[in-house]
Amino acid sequence: MSEAANIEAIPGDNSTLAYDVARVRADFPILTQEVFGHPLVYLDSAASAQKPRQVIEAMDDAYQTHYSNVHRGVHRMSQLCTDAFEAGRETVARYINAGSSDEIVFTRNATEALNLVADCFGRAFLKAGDEVIISTLEHHSNIVPWQLLRTRFGIDLKIAPIDDDGNFLLDEFEALLGPKTRLVAMTHVSNAIGTIVPIKEVIARAHARDIPVLVDGSQSAQHMTVDVQDMDADFYAFTGHKIYGPTGIGVLYGKSERLNALPPYQGGGEMIASVTFEKSEFKDAPHRFEAGTPAIVEAIGLGAAIDYVESLGRDNIAAHESGILAYATQRLGEVPGLTVIGRARDKASIVSFVMESAHAHDIGTIVDRAGVAVRTGHHCAQPLLQRLGLNATARASFGIYNTREDVDALVEALGAVTEIFG
Amino acid sequence: MLDDLRELYQEVILDHGRSPRNHRHPEDANRHAQGNNPICGDTLSVYLAIGEDGVIRDAAFEGKGCAISIASASMMTGMLKGKTEAQARALFENFHDMCTNDDFDLDALDDDADDLDRLKVLSGVRQFPMRVKCATLAWHTMSAAITGEDKTSTE
């Protein structure tokens, strides 16, 4: 703990024994690529993170030595592959401290996990006039599914506010909880401006009124220790590709009793106990929600990604990233005409910014020519940007492999923006 | 690095981007459409005043966006006045071709050669495929306004 505190005290210092960023970088083959003659500086991990060779090799190995469909054949390959697939589920359960691996549903991504809850919870429990609470900070994937439910069942959507710095306003949120509130669906970390929502407190206040909470963990699972039991989340969604794993695999955690109270999501093989033409009996969670052949090798890859992250140590990662965040906030703040957007007290390693002279899109194009990859635009959070009075920002997001030199490269590349746009 | 970028951000573009022409809402506009670039969230409104003879009397726009999209809207609105709907569409087709087709040959054109010669400063987006939509947003919107669609998108 004291070690983590020390690392935090020195912005961007990566040279601790606990965390060897050079060794981490060596695990990511793509980081040796050049872009327009410059070394790749990848500052877009919040959109999708790069993959270490441990993940690439685990997936390669699965295809080459133990691939088959899962949960079916009696043959050897099917057994080996089922074991590897289910080991991925066990790894996920351990990673977020689920009570059991039966509480881990594999989905395509976090978006599908959120849609799964919206669809199944909506069909089971929601009717006209019922309320679902989200926040201003949400990604479109935690807005649109509820709007679809509004159209379908006539529910109302309530929006928990933020202040001008992007801080989540807990008391204002609590004031929205009422007799018609059926569910809170809330992001843990803002993808656009990095705000960390005090999610444990959100859940406590909702639970005090017996209202369940779905957490969008798309931007938290890779940055901090997530303990779904300590948090007491009813549902928690995250995605594989942002946690250094493959695309095509996401996770929905749900408390057993919550999951088993929901109707199936899609119908098909794998999710049934028995089928006659008259009726079907459904399996319990997680299989009830996993119709059809799943993303088998991706689940194996996700397990490998989590093993990799755990091998680095999640406290070490958090300390490393908070150092980079502090350094980036400081360096970017020194760039003339640049304003950092989102100054919440508690932030993950995401820095959004705008410049007086140039639109975010032009900034993105210009720094790209220096090999620096940032995201530009509304970050699929248009209502949030609107709340902040903006159309678009440029966003640098930092992961386990980023260094203060990466921040320096961004700042230097921004010099070209000033040079061109004045 | 700066050479490539200066090819994209030529002085004419920066000038139009900073001080866009025809950035207003004409009272006599009888056609309007809003264009949306979903990858960045930028929106532009294009207003046209078209006479009974089908000739565009006035063209203007409002909106926020990147230097490329604003410069393109600014230059486009300046060129549309006096053109028929069909001529405006034909110019868009040629401009789109110029922004996307490496084999585009300005000298092979009979019509629009002067306009396209001036628009050539925007053709730098060919080397920046993600930015083609920025250059064509105003044009898609203009085309939608002529057709009578309220909204359009570069998707």
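Scoring rules and cut-offs
In every chain, residue numbers begin from 1 and rise along the written sequence. Chain A is the first chain written and ligand 1 is the first ligand written, with later ones labelled in order. The predicted nature of this model means local features are confined to residues of pLDDT at least 70 and side-chain atom pairs, given and counted, to a pLDDT of 80 or more, with totals for whole chains, interfaces and linings taken over all residues. Every helix listed is a DSSP run of H or I at least four residues long, and every strand listed is a run of E at least two residues long, numbered separately from the N terminus. C-alpha atoms define the radius of gyration in this analysis, and the globule rule sets the expected value at 2.2 Å times the number of residues to the power 0.38. Working definition of burial: number of other C-beta atoms within 10 Å of the residue's own, with buried at 20 or more, exposed at 12 or fewer, and partly exposed in between, all C-beta atoms being placed from the backbone. Throughout, a residue-residue contact means that the two C-beta atoms, derived from backbone geometry, are no farther apart than 7 Å. Boundaries of every domain are those given by an automatic assignment or by a domain database. Throughout this entry, Asp, Glu, Lys and Arg are counted as charged residues, while Ala, Val, Leu, Ile, Met, Phe, Trp, Tyr, Cys and Pro are counted as nonpolar. The remaining residues, Gly among them, count as polar. To estimate the expected span of a helix, count its residues, drop one, and scale the result by 1.5 Å. To get the bend at any residue, fit one axis to the seven residues that end at it and another to the seven that begin at it, then take the angle between the two axes. Interaxial angles span 0 to 180 degrees and are taken between N-to-C directions of axes, which are lines fitted to C-alpha atoms, for helices over the stretch in contact. Any angle that is under 35 degrees is reported as roughly parallel, and any over 145 degrees as roughly antiparallel; angles of 65 to 115 degrees are reported as roughly perpendicular and all others as oblique. Left-handed is the label given to a crossing in which the near helix is rotated counterclockwise from the far helix by less than a right angle, and right-handed is the label when the rotation is clockwise. At least two DSSP bridges between two strands are needed for those strands to be called paired. Structurally, a nonpolar core is described as a collection of buried Ala, Val, Leu, Ile, Met, Phe, Trp, Tyr and Cys residues joined by way of C-beta atoms within 7 Å. Along the chain, pLDDT gives the predictor's confidence residue by residue, from 0 to 100.

Asker: What is the right way to look at the overall build of chain B in this model?
Answerer: Scanning chain B from N- to C-terminus turns up six helices and four strands. Scanning chain B from its N terminus toward the C terminus, one meets helices and strands in the order α-α-β-β-β-α-α-α-α-β. Its C-alpha atoms give chain B a radius of gyration of 15 Å, within 12% of the compact-globule value 15 Å for 155 residues. Along the first, second and third principal axes, the C-alpha set of chain B runs to 50 × 35 × 25 Å. When burial is assessed residue by residue, chain B has 45% of its 155 residues classed as buried. For chain B, contacts bridging at least 24 residues in sequence account for 65% of all contacts bridging at least 6.

Asker: Could you clarify how one ought to interpret the overall build of chain A in this entry?
Answerer: Counting its secondary structure elements, chain A contains 15 helices and 17 strands. Whereas a compact globule of 422 residues would reach a radius of gyration of roughly 22 Å, chain A reaches 22 Å, a difference of no more than 12%. A principal-axis box enclosing the C-alpha atoms of chain A has dimensions of 70 × 55 × 40 Å. The buried share of chain A, reckoned over its 422 residues, is 53%. Restricting to contacts in chain A with at least 6 residues of sequence separation, those with at least 24 account for 72%.

Asker: I would appreciate a short explanation of the domain arrangement of chain A in the present structure.
Answerer: Accessible area lost during the coming together of the parts is what is often quoted as the interface size. Residue and element names in this part refer to chain A. Assigned domains of chain A: these are domain 1 (2-32 + 313-421) and domain 2 (56-310). Computed over C-alpha atoms only, the centres of domain 1 and domain 2 are separated by 28 Å. Counting residues at the interface gives 24 residues for domain 1 and 23 residues for domain 2. Listing elements by their share of the side of domain 1 that touches domain 2, those giving two or more residues are helix H12 (314-333), strand S14 (350-355) and helix H14 (382-387). Broken down by class, the residue content of the side of domain 1 that touches domain 2 amounts to twelve nonpolar, four polar and eight charged.

Asker: Help me out: how do you make sense of helix H13 (residues 360-368) of chain A in this one?
Answerer: Summarising burial for H13(A): nine of the nine residues are buried, a large majority. Of all the positions in H13(A), only A:Ala360, A:His361, A:Asp362, A:Ile363, A:Gly364, A:Thr365, A:Ile366, A:Val367 and A:Asp368 are classed as buried.

Asker: Can you walk me through helix H6 (residues 132-147) of chain B in this structure?
Answerer: Since the α-helix advances by 3.6 residues per turn, residues separated by three or four positions end up pointing in the same direction. Residues and elements named next belong to chain B. In this model H6 runs 22 Å from its N-terminal to its C-terminal C-alpha over 16 residues, within 8% of the 22 Å that 1.5 Å per residue would give. Considering bend angle alone, the principal kink of H6 is centred on Ala-138 and spans about 30°. Taking burial as the measure, the 16 residues of H6 include 14 buried ones, the bulk of the element.

Asker: Just to check I follow, could you spell out the packing of H12(A) against helix H15 (residues 404-421) of chain A for this structure?
Answerer: A packed helix pair is summarised by two numbers, namely the angle formed by the two axes and the spacing between the axes. Residue and element names in this part refer to chain A. At a minimum axis separation of 10 Å, H12 and H15 run at an interaxial angle of 20°. As far as their axial angle goes, H15 and H12 are roughly parallel. Along this stretch, H12 crosses H15, giving a crossing that reads as right-handed. Residues Ile-324, Tyr-327, Ala-328, Arg-331 and Leu-332 of H12 form the contact with H15, whose own contacting residues are Arg-404, Val-407 and Val-411. Considered class by class, the residues forming the contact of H12 with H15 number six nonpolar, no polar and two charged.

Asker: Please explain the sheet that holds strand S10 (residues 250-254) of chain A as it appears in this structure.
Answerer: Through backbone hydrogen bonds, the strands of a sheet pair up, either in parallel or in antiparallel fashion. Residues and elements named next belong to chain A. One open sheet holds the seven strands; their spatial order is S4-S10-S9-S8-S7-S5-S6, and the pairing between them is mixed. Looking at strand neighbours, the two that pair on one side only are strand S4 (104-107) and strand S6 (156-160), the edges of this open sheet. Here the strands of the sheet are splayed against their neighbours by 20° on average, with no regard to which way each runs. Sheet topology places strand S5 (residues 131-135) next to S6; five bridges connect them, and they run parallel. Along S6, the bridge assignment pairs Glu-131 with Asp-156.

Asker: Even after reading the chapter, I still don't get the packing of helix H2 (residues 11-18) of chain B against helix H3 (residues 67-80) of chain B, so can you show me in this structure?
Answerer: All names here are of chain B. Two elements in contact, H2 and H3, have axes whose closest approach is 8 Å; the angle formed by their N-to-C orientations is 85°. One element, H2, and the other, H3, form an angle in the roughly perpendicular class. On H3, the residues that touch Ile-13, Leu-14, His-16 and Gly-17 of H2 are Ala-67, Ile-68, Ile-70, Ala-71, Ser-74 and Met-75.

Asker: Explanation requested: the sheet that holds strand S17 (residues 393-397) of chain A in the structure shown.
Answerer: Residues and elements named next belong to chain A. The strand order across the open sheet built from four strands is S13-S14-S17-S16, with neighbouring strands paired in antiparallel fashion. Whereas interior strands pair on both sides, the edge strands pair on one side only; in this sheet they are strand S13 (338-341) and strand S16 (375-377). Ignoring strand direction, the axes of neighbouring strands in this sheet form an average angle of 30°. Of the strand pairs in this sheet, S16 and S17 are connected by three bridges, and their pairing is antiparallel. Note on S17: the bridge partner recorded for Thr-376 is Ala-394. H13 rests against S14, S16 and S17 of the sheet, and its axis sits at about 155° to S16.

Asker: Looking at this structure, I do not really get the nonpolar core. What am I missing?
Answerer: Counting residues in each nonpolar core, the largest one holds 165 residues, and the members touching the most others are A:Ile300, A:Leu410 and B:Met142. Looking at which domains feed residues into this core, each of domain 1 (2-32 + 313-421) and domain 2 (56-310) of chain A supplies at least three. Discounting chain neighbours no more than four positions away, the residues touching A:Leu410 are A:Val41, A:Leu43, A:Val367, A:Val372 and A:Ala396.

Asker: Would you mind showing me how to read the confidence of the model for chain A here?
Answerer: When pLDDT drops low, the exact placement of atoms in the prediction is not to be read closely. On average, residues of chain A carry a pLDDT of 94, and 96% of them reach 70 or more. Long-range and interchain partners of residues 1-10 of chain A, a stretch whose pLDDT sits below 50, account for twelve contacts in this model, where long-range means more than four residues apart.

Asker: What exactly am I supposed to notice about the interface of chain B and chain A here?
Answerer: At the junction of the two partners, chain B supplies 17 residues and chain A supplies 19 residues. By residue number, the principal contributor to the side of chain B that touches chain A is helix H1 (residues 2-8) of chain B, which donates three residues. Residues that form the side of chain B that touches chain A fall into these classes: eleven nonpolar, two polar and four charged.

Asker: Explain unusual backbone geometry to me, please; I cannot follow it from the model alone.
Answerer: For residues other than glycine, phi is negative in most cases, and the peptide bonds are mostly trans. Residue and element names in this part refer to chain A. Note that the residue after Ala-285, namely Pro-286, is joined by a cis bond; omega there is 5°. Here Pro-286 lies in the loop between strand S12 (280-282) and helix H11 (296-312). For Asp-232, which is not glycine, the phi torsion reads 65° and is therefore positive. Mapped onto the secondary structure, Asp-232 falls in the loop between helix H9 (228-231) and strand S9 (235-239). At Tyr-244, a residue that is not glycine, the phi angle is positive and equals roughly 75°. Within the secondary structure, Tyr-244 is located in the loop between S9 and S10.

Asker: Is there a simple way to explain the environment of A:Thr418 in this structure?
Answerer: All names here are of chain A. Of note, Thr-418 is situated in helix H15. According to the C-beta neighbour criterion, Thr-418 is partly exposed, with 17 such atoms within 10 Å. Sequence spacing of Thr-418 and Leu-332 is 86 residues, and the spatial spacing of their C-alpha atoms is 13 Å.

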